Amino acid sequence: MSNPGIPATDAVSRRELWLGLGWMALSMSSFIAMSVGSRELAAALSIRQVLFFRALVGLFVIALFIRRLWPEIRHLRQFRMHVLRNAVHFTAQYFWTIGVVVLPLASVFALEFTMPIWVAFFAWALLGERLTRARLLATLGGFIGVLVIVRPGIGIVDPAAGLVLLAAMGYGLSLVLVKRLTRENSPGAIVAWMILIQLPLGLIAALTDWRPVHVSDIPWMVVAGAGALSAHYCMAQALRRLDASIVMPVDFLRVPLAALVGYLVYAELIDIWVFLGGAIILLSNLQALRAERRS
């Protein structure tokens, strides 16, 4: 029974807020689980195999819903766009997984937060959306944040950091292509095509660097594959309930959480420069978002 002192609309909003935050917590946990699963797999298998087995686990999940999705999939709507989007996304995943294996987890997630900047750029270039002054300032802030994280000139810059930045760029382009795909495709069909296209891509890549697979690898395959699908599904559920202005700062908690997991599981040192640079990237994007909402 609802509290008579609280208006119904406020009660619903509060409920949606807590549900959204719950989905965000599940999303962050899934992203970190996918990262740990991928790193553990990469200790025994090649990174190309990691991508293949992540997609293979996704295929088993999608198979549960294929009867519902098949009427839409068989029409092959925007098929070339699906192929382009997944080729970009697959390449970005490859670079990102290299970063997860080589770099501290917190560094990977902090660098990945440059993605909104690339989304704005590609939305301007491909969709004709306005590239506002706020977005340009966010780009500058993001660039400064990246410099703080990688600190060129202070020791040797790990090339994997550049690959993570390329992955963020690829994810940004992939999101813009998804936006175009949603004009004629449901989210379920887009995810199904992601698995159906990336599975053979992963197999072809894996066969060029195949290593023996053991029974002990299977649990990590499940963690990495299920974590990948769960992360994107939970994020979509959170975005249905929360504004992006709430999701972005909450999602940034992935950086300290990843640092904590990296410290506890892999004895990674917690680097203050990662948090400082990541905060600059986050604040740059938040400021741009607020400016655009006021305009």
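Criteria and thresholds
Residues numbered from 1 in each chain as written. Predicted model: local features only at pLDDT ≥ 70, side-chain atom pairs only at ≥ 80, totals over all residues. Heavy atoms only, no water. Helix = DSSP H or I, 4+ residues; strand = E, 2+ residues; numbered from the N terminus. Buried < 20%, exposed > 50% of the residue type's maximum accessible area, 1.4 Å probe, protein only. Contact = heavy atoms within 4.5 Å. Areas by Shrake-Rupley, 256 points an atom, 1.4 Å probe, with all protein chains shown as cover. Expected span 1.5 Å × (residues − 1). Salt bridge = Lys/Arg side-chain N within 4 Å of Asp/Glu carboxyl O. pLDDT = per-residue confidence, 0-100. Core = buried A, V, L, I, M, F, W, Y, C linked by side-chain atoms within 4.5 Å. Phe/Tyr/Trp six-rings, centres within 6.5 Å; stacked < 30°, edge-to-face > 60°. Lys NZ or Arg CZ within 6 Å of the ring centre and 35° of its normal. Polar contact = N/O pair within 3.5 Å; in protein donor to acceptor, adjacent residues only side chain to side chain. Axes fitted to C-alpha atoms, helices over the stretch in contact; angles between N-to-C directions. Parallel < 35°, antiparallel > 145°, perpendicular 65-115°, else oblique. Left-handed = near helix turned anticlockwise from the far one by under 90°. Nonpolar A, V, L, I, M, F, W, Y, C, P; charged D, E, K, R; others polar. Patch = residues over 30% accessible without salt bridge, like charges linked within 9 Å, V, L, I, M, F, W, Y side chains within 5 Å.

Engineer: Quick one: what's the story with the overall build of the protein chain, residue by residue and with numbers?
Structural biologist: The number of helices and strands found in the protein chain is 13 helices and zero strands. Ordering the α and β elements of the protein chain from the N terminus gives α-α-α-α-α-α-α-α-α-α-α-α-α. Out of the 295 residues in the protein chain, the part that is buried amounts to 45%. Taking as baseline every contact in the protein chain between residues at least 6 positions apart, the subset at least 24 positions apart corresponds to 89%. By element, 69% of the accessible surface of the protein chain is carried by carbon and sulfur atoms, the whole surface being about 15500 Å².

Engineer: Report on helix 2 (residues 47-63), specifying residues and quantitative values.
Structural biologist: A rise of 1.5 Å per residue sets the reference length of helix 2, with its 17 residues, at 24 Å; its end C-alpha atoms lie 25 Å apart and thus fit the reference within 8%. Along helix 2, the residues classified as buried are I47, Q49, V50, L51, F52, F53, R54, A55, V57, G58 and I62.

Engineer: Give a description of the pattern of salt bridges that names residues and reports values.
Structural biologist: Think of it this way: side chains of opposite charge can pair up when their charged atoms draw near. Enumeration over the complete set of coordinates arrives at three salt bridges. Where E16 meets R15, a salt bridge forms, and the shortest distance between an N and an O atom there is 3.7 Å. Note that E268 is salt-bridged to R39, the shortest N-O span being 2.6 Å. With E268 in the loop between helix 12 (254-266) and helix 13 (272-294) and R39 in helix 1 (residues 8-42), this pair connects stretches of sequence that are 229 residues apart. Owing to a relative accessible area of 11%, R39 belongs among the buried residues under this scheme.

Engineer: Mind laying out the confidence of the model for the protein chain, listing which residues take part and the relevant values?
Structural biologist: Overall, the predicted model of the protein chain reaches an average pLDDT of 83, with 89% of residues at or above 70. For the protein chain, helix 11 (residues 244-251) is the element with the lowest average pLDDT, namely 63, and helix 4 (residues 79-102) is the one with the highest, namely 93.

Engineer: Mind laying out the nonpolar core, listing which residues take part and the relevant values?
Structural biologist: W96, F109 and V255 are the most contacted members of the largest nonpolar core, which totals 38 residues. For this core, the elements supplying multiple residues, two or more each, are helix 1, helix 4, helix 5 (105-112), helix 7 (133-150), helix 8 (159-181), helix 10 (218-241), helix 12 and helix 13. Non-local contacts of W96, meaning those with residues more than four positions away in its chain, are made with M34, S35, R54, V108, F109, E112, A167 and Y171. Ranked by size, the runner-up nonpolar core spans 14 residues in total, among them I47, F52, A206 and A224.

Engineer: Could you give me a rundown of the packing of aromatic side chains, with the residues and numbers involved?
Structural biologist: Each aromatic ring pair is described using two quantities: the centre-to-centre distance and the angle formed by the ring planes. In this structure the tally under the stated criterion is eight aromatic pairs. Relative to W193, the ring of F79 has its centre 5.3 Å away and its plane inclined at 65°; by these criteria the two rings are edge-to-face. Of this pair, F79 sits in helix 4 while W193 sits in helix 9 (residues 187-207), and the two are 114 residues apart along the sequence. Taking relative accessible area as the criterion, W193 reaches 9% and is therefore assigned buried. Among the aromatic residues, those joined into a ring-pair cluster are F52, F53 and W210. When the ring centre of Y266 is taken as reference, the NZ or CZ atom of R39 above it lies at 4.4 Å.

Engineer: Run through unusual backbone geometry, naming residues and quoting values.
Structural biologist: Of note, L76 is a non-glycine position whose phi angle comes to about 55°, a positive value. One can find L76 in the loop between helix 3 (66-73) and helix 4. Here the phi dihedral of A267 falls at roughly 55°; this positive angle occurs in a residue that is not glycine. As for its placement among the helices and strands, A267 is situated in the loop between helix 12 and helix 13. For A267, a relative accessible area of 61% gives the class exposed.

Engineer: Tell me about the side chain of N86, residues and numbers included.
Structural biologist: Tracing the sequence through the fold places N86 in helix 4. There is a polar contact of 3.0 Å between the side chain of N86 and the side chain of Q198. Filtering out sequence-adjacent residues up to four positions away, N86 remains in contact with W193, M194, I197, Q198 and L201.

Engineer: Outline the packing of helix 5 against helix 8, supporting the account with residue identities and numerical values.
Structural biologist: Where helix 5 contacts helix 8, the axes come no closer than 9 Å and their chain directions differ by 40°. On the basis of the axis angle, helix 5 is oblique to helix 8. For helix 5 against helix 8, the interelement crossing comes out right-handed. Facing V108, L111 and E112 of helix 5, the residues of helix 8 in contact are A161, V164, L165, A168 and Y171. In the contact of helix 5 with helix 8, the residues fall into seven nonpolar, no polar and one charged.

Engineer: Account for a nonpolar patch on the surface, with residues named and values stated.
Structural biologist: Together, L137, L140, F143, I144 and L147 give the surface a local cluster of nonpolar side chains, amounting to about 470 Å² of exposed area. Within the secondary structure, L137 is located in helix 7.

Engineer: Which residues make up the environment of G20, and what are the values?
Structural biologist: Inspection of the secondary structure puts G20 in helix 1. Measuring from C-alpha to C-alpha, the distance between G20 and R241 comes to 5.3 Å, with 221 residues separating the pair along the chain. Setting aside its immediate chain neighbours within four residues, G20 contacts A238, R241 and L242.

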